[in-house]
Amino acid sequence: MNLFYRLLSLTSEIDSMIEIIFEVGINLLETFIIFDFLTKYLGSKYSGKTKKIGFVLGWFTAFAQLCIMNYITEFESVGAYIPIIINFLYAFLFLNGSILLKMWMSFITHVIVLIIAYLTNLFVCNILGCTPYDIISVFNTSRVVVVIITKIILFYATRIILRHKHNITTTKLNIFMLVIIPSTSIIALACLMKVVLIDERFKLYISIGISCILLANIMTYYFFMIINKEYERAFRLEIQKQQ
């Protein structure tokens, strides 16, 4: 009997160790994708060792914060703004661009992470018939599948954005207005996900709501790029007139 309990205890310890290794590895991967995306989009102020030190410092700060938040709470609400602050500080100290542009990138990057995570969670829940809370709080096959799919989508989403990157040269007021959309989207996303965790019967409606937030951010970015191109064209015409 004692041998049986020892085997159970050993199995439990092994499962806990596997869970810890998986969660730590996933957190490292997610934060690396985010900081790699920010660095490539904005461009680094420095080169050589300073660039590498800045990247590693920002990456591991974000990684430590994510691990601590996952340990403290199963679902982040107000804490969702902490990664944005870390992203902005990294961009402010080590990356190119105006302060408003760095702020916008910090917000929009986190919105991308949240939307991908929430929609993947709800999509898998609808297929497997489990609850969103189970996937967040219980380490099982469903959670592993959701997390892996989420990181793959996050990686390819950031690569697509980088491929269609466009230099932003518009006015500060336009960038400030652009920052408002993702900053309010984070509040809306946290509230919607909180509702579905309390009552999973609203999964479909919450999925539609999150999809609409995603569409709103995409359309805002698209129209902003059009405005930015018009601003560049008008600026070039003004320079030609002056010449």
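Residues numbered from 1 in each chain as written. Predicted model: local features only at pLDDT ≥ 70, side-chain atom pairs only at ≥ 80, totals over all residues. Heavy atoms only, no water.

Participant: Explain the overall build of the protein to me, please; I cannot follow it from the model alone.
Facilitator: Helix and strand counts for the protein come out as eight helices and zero strands. Beginning at the N terminus, the succession of helices and strands in the protein can be written as α-α-α-α-α-α-α-α. Across the 243 residues that make up the protein, the buried fraction comes to 41%. Excluding contacts between residues fewer than 6 apart, the proportion of contacts in the protein whose partners are at least 24 apart in sequence is 80%. For the protein, the exposed area adds up to about 14,200 Å²; of that, 71% sits on carbon and sulfur atoms. (Helix = DSSP H or I, 4+ residues; strand = E, 2+ residues; numbered from the N terminus. Buried < 20%, exposed > 50% of the residue type's maximum accessible area, 1.4 Å probe, protein only. Contact = heavy atoms within 4.5 Å. Areas by Shrake-Rupley, 256 points an atom, 1.4 Å probe, with all protein chains shown as cover.)

Participant: Looking at this model, I keep getting lost on the pattern of salt bridges. Mind explaining?
Facilitator: Pairing of side chains with opposite charge becomes possible as their charged atoms draw close. Scanning the model with the defined rule gives four salt bridges in all. Across the pair Arg143 and Glu23 runs a salt bridge, and its minimum N-O distance is 2.9 Å. One end of the pair, Arg143, is in helix H6 (residues 141-163); the other, Glu23, is in helix H1 (residues 2-42), and 120 residues separate them in sequence. For Arg143, a relative accessible area of 16% translates into the label buried. Exposure remark for Glu23: the relative accessible area of 15% places this residue in the buried category. Salt-bridge contacts for Lys151 lead to Glu30; the nearest nitrogen and oxygen are separated by 2.4 Å. With a gap of 121 residues between them, Lys151 in helix H6 and Glu30 in helix H1 connect regions that are remote in the sequence. Overall, the relative accessible area of 9% leaves Lys151 in the buried class. For Glu30, a relative accessible area of 12% corresponds to the buried category. Members of the salt-bridge network, linked through shared partners, are Asp36, Lys40 and Arg159. (Salt bridge = Lys/Arg side-chain N within 4 Å of Asp/Glu carboxyl O.)

Participant: Help me understand the nonpolar core in this model?
Facilitator: The biggest cluster of nonpolar side chains holds 46 residues, and the ones touching the most others in it are Trp104, Met105 and Leu189. Sorting the residues of this core by element identifies H1, helix H2 (49-72), helix H3 (81-94), helix H4 (99-128), H6, helix H7 (172-198) and helix H8 (203-242) as the ones contributing at least two each. Here this core gets 14 residues from one element, more than from any other, and that element is H4. When near neighbours in sequence (up to four residues on either side) are disregarded, Leu189 contacts Val111, Leu114, Ile115, Tyr118, Ile210 and Ile213. (Core = buried A, V, L, I, M, F, W, Y, C linked by side-chain atoms within 4.5 Å.)

Participant: Is there a simple way to think about H4 in this case?
Facilitator: Helical geometry note: an α-helix holds 3.6 residues per turn, so side chains three or four residues apart project in the same direction. Taking 1.5 Å per residue, 30 residues should reach 44 Å; H4 reaches 44 Å between its end C-alpha atoms and fits that length. Immediately beyond the C-terminal end of H4, within one or two residues, lies Gly129, with a positive phi of roughly 80 degrees. (Expected span 1.5 Å × (residues − 1).)

Participant: Is there a simple way to think about the packing of aromatic side chains in this case?
Facilitator: Applying the stated criterion across every chain yields a total of twelve aromatic pairs. With centroids separated by 6.0 Å and ring planes inclined at 50 degrees, the aromatic side chains of Phe55 and Trp59 adopt a geometry described as tilted. Placement of both Phe55 and Trp59 in helix H2 is noted, with a separation of four residues, approximately one turn of the helix. Feature note: the residues Phe32, Phe55, Trp59, Phe60 and Phe63 constitute an aromatic cluster, connected by ring pairs. A cation sits over an aromatic face here: Lys45 above Phe92, 6.0 Å from the ring centre. (Phe/Tyr/Trp six-rings, centres within 6.5 Å; stacked < 30°, edge-to-face > 60°. Lys NZ or Arg CZ within 6 Å of the ring centre and 35° of its normal.)

Participant: How should the side chain of Arg159 be read in this particular structure?
Facilitator: Position of Arg159 relative to the elements: it lies in helix H6. Residue Arg159 is classed as buried on the basis of its relative accessible area of 18%. Reaching out from Arg159, the side chain makes a polar contact with the side chain of Asp36 at a distance of 2.8 Å. Arg159 has contacts with Ile33, Asp36, Phe37 and Lys40, leaving out every residue within four places of it along the chain. (Polar contact = N/O pair within 3.5 Å; in protein donor to acceptor, adjacent residues only side chain to side chain.)

Participant: Can you help me understand the confidence of the model for the protein in this one?
Facilitator: When pLDDT is low, close inspection of the predicted coordinates is not appropriate. Residue-level pLDDT values for the protein average 82, and 86% of them are 70 or greater. The least confident element of the protein is helix H5 (residues 132-137), whose mean pLDDT is 76; the most confident is H3, at 92. (pLDDT = per-residue confidence, 0-100.)

Participant: What exactly am I supposed to notice about the side chain of Ser185 here?
Facilitator: By the secondary structure assignment, Ser185 is in helix H7. Within the structure, the side chain of Ser185 is placed 3.1 Å from the side chain of Asn217, a separation counted as a polar contact. With sequence-adjacent residues up to four places away left out, Ser185 is seen in contact with Val111, Ile213 and Asn217.

Participant: Help me understand the packing of H3 against H4 in this model?
Facilitator: Relative orientation and spacing of two packed helices are given, respectively, by the angle between their axes and the distance between those axes. Where H3 contacts H4, the two axes come as close as 9 Å, and the packing angle between them is 140 degrees. Crossing of H3 over H4 shows right-handed handedness. Residues Tyr81, Pro83, Ile84, Asn87, Phe88, Ala91 and Phe92 of H3 form the contact with H4, whose own contacting residues are Ile99, Lys102, Met103, Ser106, Phe107 and His110. Across the contact of H3 with H4, the residue classes tally to nine nonpolar, three polar and one charged. (Axes fitted to C-alpha atoms, helices over the stretch in contact; angles between N-to-C directions. Left-handed = near helix turned anticlockwise from the far one by under 90°. Nonpolar A, V, L, I, M, F, W, Y, C, P; charged D, E, K, R; others polar.)

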